[in-house]
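Coordinate analysis (summary)
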Amino acid sequence: MKYSILLPFLLLIFSYPVSGQEMSQTVRGTLTDADSKAPLIGAFVTIMGSKPVKGAVTDQHGAFRLEQIPPGRITLQLSYLGYEPKVIPDIVVNSGKEVVLNLDLQESTVKMAEIVITPDQVKGQALNEMALISARSISPEETSRYAGGLGDPSRIVSNFAGVANSPKGNNDLFVRGNSPKYVQWRLEGMPITNPNHFADQGAISGGLSTLNNNMLATSDFYTGAFSPEYGDVLSGVYDVKLRSGNNEKFETVLGIGILGTDITTEGPFKKGYAGSYLLNYRYSTISLLTDLGLTGVKGSPNFQDAAVKVLLPTKKAGSFSFFGLGGASNAFMEEVEPQIAETPGDRSMLAGIREDLDLNSYLLNLGISHTLPFGLNNYLHTVVGHSREGIRDEVFESNIEKRYDDNGAFVRDSVYNTHSNYQSRLFKSTYRSAISYHHKVDARNKIELGTLYTLIDYDYRQSQLQEDATSRVYLIDFREKVGTLRNYISWKHRFNEAITLVTGLHNTYVLLNHKSTLEPRISFQWQLNPANSLQVGYGKHSTMESAHNYFAKVKSEKGITSEPNRELDLLKAHHFVLGYEKRFSEVLMAKVEAYYQRLYDLPVENSSNSSFATINEGPDFNYVELVNKGTGKNYGIELTVEKFFKNNFYYLINGSLFNSTYQTLDGKTRNSPHNGHYLVNVLAGKEFVKLGRHHNQTLGLNAKAFLSGGRYIIPLLRDQEGNLAVDPANNQFWDYGKAYEASLDNLYNLTLSASYKWNKTRTTHELFLNLDNVTNTKGKLSEYYDASKSGSIGYTTQRGLLPNLMYKFYF
């Protein structure tokens, strides 16, 4: 039995003795100036609540070290003369792995004798000091703790206000009613490919992230009114950071689970050198779920991925870093229905037709970064990167004939005339180079300016058989290069300890058709008192459309084929955000944000009878003539109440009320397909510590409940009495005149998770169990025609129960 692979490790957990030696670990790291990144020498780092007090003083490199720290959770307090003190809560210490931290402090704008400053607890605060609103940091510990996360970064952010994943179980992110195609992923500050396995051709979603939480450092996620450095994005930005490897000792984490088995290793290159490496590799074991019939797929999906970070500091030439992320996935799925996967066209709804789907995709992101400080208040950051992604999909079509015995009883389906119908080959190579200059003028002012050049090489080809099933037509076939140049300048000014302003400009220039924008950004934060703060933000933003839209070959009514979209302009939006935050205590806060986004120059089909806009585009491409004459609106209010982890307990409750609409050339206001009107998340968790005979074990229990409105759909054709009126013979199925007027079921999901941790003298063991959609709720998402089903209507639904069991061994 395949589960027997876990047996040796389970035996290891229970049989490994705990010696009389006291369990402890080292907590160390560096402390720098938040603006200049210069090391802070002589700063104090203490563990709050420790008796006797445990602390350290930073050395000439800003480094500190705390030794003989018992396993558990600690809170650090940082203080330095002339700087605002800071509290870093909820740091997990395990006996099997050192804790290595990179921390910073903000220089005070007033003399220390003038004011008494309360230490700032930074839980959830964005790392980017230029981001004052609609921004949040996400720690690696949260990616492991929250129920339903599966160690997957894209699933973790859906726990926060205004963000949702696809209810079908994919990794696409819906942010404030926007399309997931407008989310930007970054790695080490550089834009990257969609980082998901089994990616669709629109690079919108995927089944599982290639990012592994064993590799992650605390990272930032933004939902609107972005700071000046971010361009080519409308929806959200996930700026993922990789942690640096341990530069003093070798460490390894081994993980074995139902979804995948992985190993992470790290260590120094040589003794006394601050450089390090960090490497992770994972291979799929998801076939276990397929064998148990829990995926609903006939076929075995497979994947593998790897990530790396190498840090190479020098004495005089700054610090170099090499990073990489890659993955490959494939799946052959038999008898595909819309519930399983969307295939181009509507032939899967025809009687006597069977479709099999062959999916293959890969991604690769490589980069080299260099940080060069000069003087105490300046540094230059340079990044050169290369990305590759490819999708090779094929739909095989077969005819089905039902076989009956002599008595007229059905025997079986006979499959014949199998042939390749739809073929898609989408390959993209991207080359990027970026440089940014950071200058700390004084304690009140910081200036950043930078530029990013991108060159994308596209090789796209898609073809499909015509209705006669003998001749093949090419939907798209091009090899093109597209270059863009993005520049920004930003200025942060602190009027005093309470009031901060960030403002700047972003410019995008598209070399393909010489379209450009100048985008002002401004945000303001006022700390009214230690418990209350107000934030205001505005930004103009823009983005390019997917490449196939620019190079689509469209046949006119006169039969002339052309590429009418090469001069397509950028889609633009104004973002307005107003926020208020209340801190009831050091661990309890409430936050409300109201936002308004006005989209304009929205590409829509050049037809007064069409409902199509590029914000509706999903996995199935549309090849139509587009004009920048559409508009859209997203507006809403978000409320969050959060108790940070303390006394072994936490909760997070948030809700969003929102509306998302758009207009095409017909002037009709429609719901966007991502308009759910409301989202509610309730998360809570409790740890039971110091269990077992040696008080070295911890039990964690976590839960998440999710509620949202239904998704708007394009319905099947019906007559005036509401009876189905599709015409399969003439390929007439959908009522586009009623597009996105109605939705189906409201959605609900309950997820439970449990973890158990054993701290040994030099190792740590952890066992995780996650039950996603434990009630197996299957709310209806969309409808399709299926003559074999009741009423000839089938429904795509939420993904059902998905269990995941994972064991981790730290040594």
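Numbers given for residues are sequential positions, taken from 1 along each chain in its written order. For this predicted model, a pLDDT threshold of at least 70 governs which residues receive local features, and a threshold of 80 or more governs which side-chain atom pairs are given and counted, while totals over whole chains, interfaces and linings are taken from all residues. Processing note: side-chain calculations cover all non-hydrogen atoms of the structure and skip hydrogens and water entirely.

1. Comments concerning the overall build of the protein
- Working definition: helices are DSSP H or I runs of at least four residues, strands are E runs of at least two. Numbering for both runs from the N terminus. Secondary structure summary: the protein contains five helices and 46 strands in total.
- Rg of the C-alpha trace for the protein: 27 Å, near the compact-globule value of 28 Å for 811 residues, within the 12% margin.
- The C-alpha extent of the protein, read off along each of the three principal axes, is 90 × 65 × 45 Å.
- For every residue, the accessible area obtained with a 1.4 Å probe (protein chains only) is divided by the maximum for its type, and the residue is called buried under 20%, exposed over 50%, and partly exposed between those limits. The buried share of the protein, taken over its 811 residues, is 55%.
- Any two residues having at least one pair of non-hydrogen atoms within 4.5 Å are treated as being in contact. In the protein, of all internal contacts separated by at least 6 residues, the share reaching a separation of at least 24 is 65%.
- Computed by Shrake-Rupley with a 1.4 Å probe, the accessible areas treat only the displayed protein chains as cover when residues are assessed. Accessible area of the protein: about 34200 Å², with a carbon and sulfur share of 57%.
- Both charge centroids of the protein, one from 81 positive and one from 82 negative side chains, sit 7 Å from each other. Between the two quantities, the radius of gyration covers C-alpha atoms and the globule rule is 2.2 Å times the number of residues to the power 0.38. In summary, the charge assignment counts Lys and Arg as positive and Asp and Glu as negative, without counting His or the chain termini. In this description, the location of a charge corresponds to atom NZ of lysine, CZ of arginine, CG of aspartate or CD of glutamate.

2. Digging into the confidence of the model for the protein
- With 93% of its residues at a pLDDT of at least 70, the protein reaches an overall mean of 89.
- Scored between 0 and 100, pLDDT is the confidence that the predictor attaches to each residue. Between residues 1-20, whose pLDDT stays under 50, and residues either more than four places distant or in other chains, the model counts 26 contacts.
- Note that pLDDT drops below 50 for residues 112-119; the model gives that stretch 14 contacts with residues more than four away or on any other chain.

3. Thoughts on the packing of aromatic side chains
- Put simply, two rings from Phe, Tyr or Trp (the six-membered ring, in Trp's case) pair if the centres are within 6.5 Å, and we call them stacked under 30 degrees between planes, edge-to-face over 60, tilted for the rest. Counting across every chain of the model gives 24 aromatic pairs.
- Aromatic side chains F221 and Y238 sit 5.5 Å apart centroid to centroid with 80° between the ring planes, which places their arrangement in the edge-to-face category. Pair noted here: F221 is in strand 16 (residues 219-222) and Y238 is in strand 17 (residues 236-240), with a separation of 17 residues, a long-range link.
- Taking relative accessible area as the criterion, F221 reaches 5% and is therefore assigned buried.
- In textbook terms, an aromatic cluster arises when at least three aromatic residues are bridged by ring pairs, as seen for Y146, F160, F645 and Y650.
- Charges are assigned to positions over rings by a cutoff of 6 Å between ring centre and Lys NZ or Arg CZ, combined with an angular limit of 35 degrees from the ring normal. R73 extends its terminal NZ or CZ atom over the ring of F645, reaching a point 3.8 Å from the ring centre.
- The cationic tip of K686 hangs over the ring face of F688; the distance from NZ or CZ to the ring centre is 5.8 Å.

4. Looking at the pairing of strand 22 (residues 319-333)
- Should DSSP find at least two bridges between two strands, the strands are regarded as paired. As paired elements, strand 21 (residues 302-313) and strand 22 share 12 bridges and run antiparallel to each other. Among the inter-strand pairings, V308 is bridged to a residue of strand 22, identified as G324.
- Between strand 21 and the antiparallel strand that follows it, strand 22, lie five residues; G318 among them carries a positive phi value of about 85°.
- In terms of strand pairing, strand 22 meets strand 23 (residues 353-373) through 15 bridges, oriented antiparallel. In the sheet register, A331 faces strand 23, and the bridge partner there is L359.

5. Things to note about the side chain of D393
- Looking at where D393 falls in the secondary structure, it is placed in strand 24 (residues 378-404).
- Think of a salt bridge as a Lys or Arg side-chain nitrogen and an Asp or Glu carboxyl oxygen that are within 4 Å of each other. Here D393 occupies a buried position and makes no salt bridge, while the nearest side chain of opposite charge, R425, is found at 7.2 Å.
- Apart from residues no more than four positions distant in its own chain, D393 is found in contact with D358, L359, N360, Y422, Q423, S424 and R425.

6. Some remarks on empty space enclosed by the protein
- Here a cavity denotes grid points, spaced 1 Å and computed from the protein atoms alone, that fit a 1.4 Å probe unable to get out, and a pocket denotes an open set having protein on both sides within 12 Å along at least 5 of 7 lines; residues with an atom within 4 Å of a point are the lining. Grid points are joined across faces, edges and corners, and a volume is the space filled by probe spheres set on the points. In the structure shown here, the tally under the stated rule is eight cavities of 30 Å³ or more.
- Of the pockets and cavities examined, the largest cavity occupies roughly 350 Å³.
- Lining of the largest cavity is provided by 22 residues; of these, N165, S166, K704, N749 and D772 occupy positions nearest its centre.
- Taken together, the elements giving at least two residues each to the lining of the largest cavity come down to strand 10 (163-165), strand 39 (697-708) and strand 42 (747-759).
- Gly counts as polar in this scheme, as do all residues outside two lists: the nonpolar Ala, Val, Leu, Ile, Met, Phe, Trp, Tyr, Cys and Pro, and the charged Asp, Glu, Lys and Arg. Tallied by class, residues from the lining of the largest cavity come to seven nonpolar, 10 polar and five charged.

7. Things to note about the sheet that holds strand 7 (residues 99-105)
- With respect to topology, three strands assemble into an open sheet ordered 4-1-7, the strand pairing being mixed. Strand pairing shows two members of the sheet lacking a second neighbour, strand 4 (63-69) and strand 7, which therefore form its edges. Adjacent strand axes in the sheet meet at a mean angle of 20°, parallel and antiparallel pairs treated alike.
- Bridge count for strand 1 (residues 25-33) against strand 7 is seven bridges, and the pairing is parallel. Residue pairing for strand 7: G29 is matched across the bridge by L101. Fitted lines through C-alpha atoms give the axes, limited to the stretch in contact for helices. The angle between two N-to-C directions lies from 0 to 180 degrees.

8. Brief notes about the side chain of S329
- Relative to the elements of secondary structure, S329 occurs in strand 22.
- Taking relative accessible area as the criterion, S329 reaches 5% and is therefore assigned buried.
- Among the polar contacts listed, one links the side chain of S329 to the backbone nitrogen of F198, at a separation of 2.9 Å.
- In protein, a polar contact means a hydrogen-donor-capable atom and an acceptor-capable atom, both N or O and within 3.5 Å, with residues adjacent in sequence counting only if both atoms are side-chain atoms; elsewhere, any N or O pair within 3.5 Å suffices. Polar contacts involving the side chain of S329 include one to the side chain of S361, which spans 2.8 Å.
- Once residues within four sequence positions are removed from consideration, S329 is found in contact with H197, F198, N302, F303, L359, N360 and S361.

9. Digging into the sheet that holds strand 16
- Strand order in the open sheet made by the five strands is 9-16-17-12-13, with mixed pairing throughout. Pairing within the sheet leaves two strands with one partner each, and these edge strands are strand 9 (135-138) and strand 13 (190-191).

10. A look at the nonpolar core
- The set of buried Ala, Val, Leu, Ile, Met, Phe, Trp, Tyr and Cys residues whose side-chain atoms join them within 4.5 Å is what this entry labels a nonpolar core. Of all hydrophobic cores here, the largest spans 32 residues; its most connected members are V157, W185, L187 and F221.
- Take this core: its biggest share by element is three residues, from strand 12 (residues 183-187).
- Sequence-distant contacts of V157, defined by excluding residues within four places in its chain, comprise I138, V163, L173, F221 and Y238.

11. With respect to the pattern of salt bridges
- If you walk through the whole model with that rule in mind, you get 53 salt bridges.
- Notably, a salt bridge pairs R65 with E67, separated by 3.6 Å at the nearest N-O pair.
- For R65, a relative accessible area of 34% translates into the label partly exposed.
- The shortest N-O distance in the salt bridge between K446 and E448 comes to 3.4 Å.
- Classification of K446 as buried rests on a relative accessible area of 1%.
- Here the residues in one salt-bridge network are R28, R65, E67, E98 and E248, joined through shared partners.

12. Re a nonpolar patch on the surface
- Only residues whose relative accessible area exceeds 30% and that form no salt bridge enter a patch; like-charged residues are grouped when within 9 Å of one another, and nonpolar side chains (Val, Leu, Ile, Met, Phe, Trp, Tyr) when within 5 Å. A cluster of nonpolar side chains, contributed by F269, L312, F320, F322, L364, L366 and I368, occupies part of the molecular surface with about 550 Å² of accessible area.
- Classification of F322 as partly exposed rests on a relative accessible area of 32%.

13. Comments concerning the environment of N606
- Note that N606 resides in the loop between strand 34 (588-605) and strand 35 (626-646).
- Using a relative accessible area of 38% as the deciding quantity, one classes N606 as partly exposed.
- A C-alpha to C-alpha distance of 5.8 Å links N606 and V627, two positions 21 residues apart in sequence.

14. Remarks on the environment of K271
- Following the sequence through the fold, K271 ends up in the loop between strand 19 (260-268) and strand 20 (276-284).
- K271 sits in the exposed class, given a relative accessible area of 88%.
- When the C-alpha atoms of K271 and R762 are compared, they prove to be 21 Å apart, with 491 residues separating the residues in sequence.

15. Observations regarding unusual backbone geometry
- For the peptide bond that leads from K51 to P52, omega is -5°, which places it in the cis range.
- The backbone phi angle of Y740 is positive, close to 60°, even though this residue is not glycine.
- In this fold, Y740 is placed in the loop between strand 40 (712-713) and strand 41 (742-743).

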